[in-house]
Amino acid sequence: QKEVEQDPGPLSVPEGAIVSLNCTYSNSAFQYFMWYRQYSRKGPELLMYTYSSGNKEDGRFTAQVDKSSKYISLFIRDSQPSDSATYLCAMSRNQGGKLIFGQGTELSVKP
Amino acid sequence: EAGVVQSPRYKIIEKKQPVAFWCNPISGHNTLYWYRQNLGQGPELLIRYENEEAVDDSQLPKDRFSAERLKGVDSTLKIQPAELGDSAVYLCASSLETSAIYNEQFFGPGTRLTVL
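Quick caveat, the model's predicted, so the values are computed rather than measured.

So, how was this worked out
- Residues numbered from 1 in each chain as written.
- Chains lettered and ligands numbered in written order.
- Predicted model: local features only at pLDDT ≥ 70, side-chain atom pairs only at ≥ 80, totals over all residues.
- Heavy atoms only, no water.
- Salt bridge = Lys/Arg side-chain N within 4 Å of Asp/Glu carboxyl O.
- Contact = heavy atoms within 4.5 Å.
- Buried area = accessible area lost by both parts, 1.4 Å probe.
- Polar contact = N/O pair within 3.5 Å; in protein donor to acceptor, adjacent residues only side chain to side chain.
- Helix = DSSP H or I, 4+ residues; strand = E, 2+ residues; numbered from the N terminus.
- Nonpolar A, V, L, I, M, F, W, Y, C, P; charged D, E, K, R; others polar.
- Core = buried A, V, L, I, M, F, W, Y, C linked by side-chain atoms within 4.5 Å.
- Buried < 20%, exposed > 50% of the residue type's maximum accessible area, 1.4 Å probe, protein only.
- Phe/Tyr/Trp six-rings, centres within 6.5 Å; stacked < 30°, edge-to-face > 60°.
- Lys NZ or Arg CZ within 6 Å of the ring centre and 35° of its normal.
- Disulfide = S-S within 2.5 Å.
- Pairing = 2+ DSSP bridges.
- Axes fitted to C-alpha atoms, helices over the stretch in contact; angles between N-to-C directions.

(A) Structural context of the pattern of salt bridges. Applying the stated criterion across every chain yields a total of eight salt bridges over all chains. Between A:Glu45 and A:Arg37 there is a salt bridge, and its shortest N-O distance comes to 3.2 Å. Each of B:Arg36, B:Arg64, B:Glu83 and B:Asp86 takes part in a single network of salt bridges with overlapping partners.

Rendered as structure tokens:
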């Protein structure tokens, strides 16, 4: 069993929809939770990070961490075609440590 | 400010041949990472450097992979000899150690390796 599980999709939604992306994990030692976006033929870029539990909002994006359930989510409101990419969750136990990534979910937002 | 630079962007080789990838991190970043990303998967760490020192190389297949970061700036990852299963995207990332809660890892565009 992988430490981090993520539904690979693909996920296709119409423009303006609310998108929900999720990951589960097994290692209770994880303290940092990140969401990366990766466009085709590009490296991952950080969207949001959360330290420990709680919610974090940045514009159209909201990240949630539920450590009791070992479950993290990313919500995208008013999705745009430019949001079409692969979304990777990632976690680490400590500052600067190695990131453990999920498989990535491929998202397509149709105009 | 320039991001993480990697070269070459694409490489096609035959199995058993050697190959090398080069990475120049963001200026001033003391920590450098090499990740491998297989098709349809998330990246997996191969090695992490803090300045010149490799502080985590537990996932590096040392029988055929080697890496160096001379002078604590740019880095080279080498595979010799390459196998079919080495086909993947090799990503380099860097970060700057600060007192912030989280020090972001910035990724380069990667080198896409195809082994025939």
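More follows now that the structure is in view.
(B) Region of the structure containing the interface of chain A and chain B. Chain A puts 21 residues into the contact, and the matching count from chain B is 24 residues. When chain A packs against chain B, the two sides together hide about 1,900 Å² of surface, and 49% of this comes from carbon and sulfur. For chain A, the biggest contributors to the area lost against chain B are A:Arg41, A:Gln95 and A:Lys98; these three give 30% of the whole. On the surface where chain A and chain B come into contact, there are zero salt bridges. On inspection of chain A and its partner chain B, the count reaches six residue pairs in polar contact (both at pLDDT 80 or more). The set of elements that each furnish at least two residues to the side of chain A that touches chain B consists of strand 4 (32-38) and strand 5 (45-51) of chain A. Among the elements that line the side of chain A that touches chain B, the one with the most residues is strand 4 of chain A, at four residues. Of the residues in the side of chain A that touches chain B, the class split is ten nonpolar, seven polar and four charged.

(C) Region of interest: the nonpolar core. Counting 24 residues, the largest nonpolar core has A:Val4, A:Trp35, A:Ile72, A:Leu74, A:Ile76, A:Tyr87 and A:Met91 as its most contacted members. For this core, the elements supplying multiple residues, two or more each, are strand 3 (19-25), strand 4, strand 5, strand 7 (61-66), strand 8 (71-76), strand 9 (85-92) and strand 11 (105-110) of chain A. The contacts of A:Val4, once residues within four sequence positions are left out, are A:Cys23, A:Thr24, A:Tyr25, A:Phe30, A:Cys89, A:Met91, A:Ile100, A:Phe101 and A:Gly102. Ranked by size, the runner-up nonpolar core spans 21 residues in total, among them B:Val4, B:Leu46, B:Leu77 and B:Ala88.

(D) Examining the packing of aromatic side chains more closely. Tallied over the full model, the rule gives ten aromatic pairs over all chains. A centroid spacing of 5.3 Å and a plane angle of 45° characterise the contact between A:Tyr25 and A:Phe33, whose relative ring orientation is tilted. Put simply, the rings of A:Tyr36, A:Phe101, B:Tyr33, B:Tyr35 and B:Phe107 touch in pairs and so form one group of aromatic residues. For A:Lys56, the ring lying beneath its charged end belongs to A:Tyr49, and the centroid distance is 3.8 Å.

(E) Layout of the state of the cysteines. For the structure shown, the criterion picks out two disulfides over all chains. Residue pairing for A:Cys23: its cysteine sulfur links by disulfide to A:Cys89, the two sulfurs lying 2.0 Å apart. Between A:Cys23 and A:Cys89, the disulfide has an S-S torsion of -100° and is therefore left-handed. Here the residue A:Cys23 occupies a position in strand 3, and A:Cys89 occupies one in strand 9, the gap between them amounting to 66 residues. By relative accessible area, which is 1% here, A:Cys23 ends up buried. Here A:Cys89 falls in the buried class, since its relative accessible area comes to 0%. Linked covalently through their sulfurs, B:Cys23 and B:Cys92 form a disulfide whose S-S length is 1.9 Å. Residues B:Cys23 and B:Cys92 are joined by a disulfide whose S-S torsion is about -70°; by sign, that bridge is left-handed. Of this pair, B:Cys23 sits in strand 3 (residues 19-24) while B:Cys92 sits in strand 9 (residues 88-95), placing them 69 residues apart in sequence. Assessed through its relative accessible area of 0%, B:Cys23 is described here as buried.

(F) Representation of the sheet that holds strand 3 of chain B. Residues and elements named next belong to chain B. Ordered by their spatial adjacency, four strands build an open sheet running 1-3-8-7, and the pairing between neighbours is antiparallel. Where the open sheet ends on each side, the last strands, each with one partner, are strand 1 (5-7) and strand 7 (65-68). Between one strand and the next, the sheet's axes are offset by a mean angle of 15°, whatever the strand orientation. Alignment of strand 3 against strand 8 (residues 75-79), held across five bridges, turns out to be antiparallel. Pairing of Ala20 across the sheet is with Lys78, part of strand 8.

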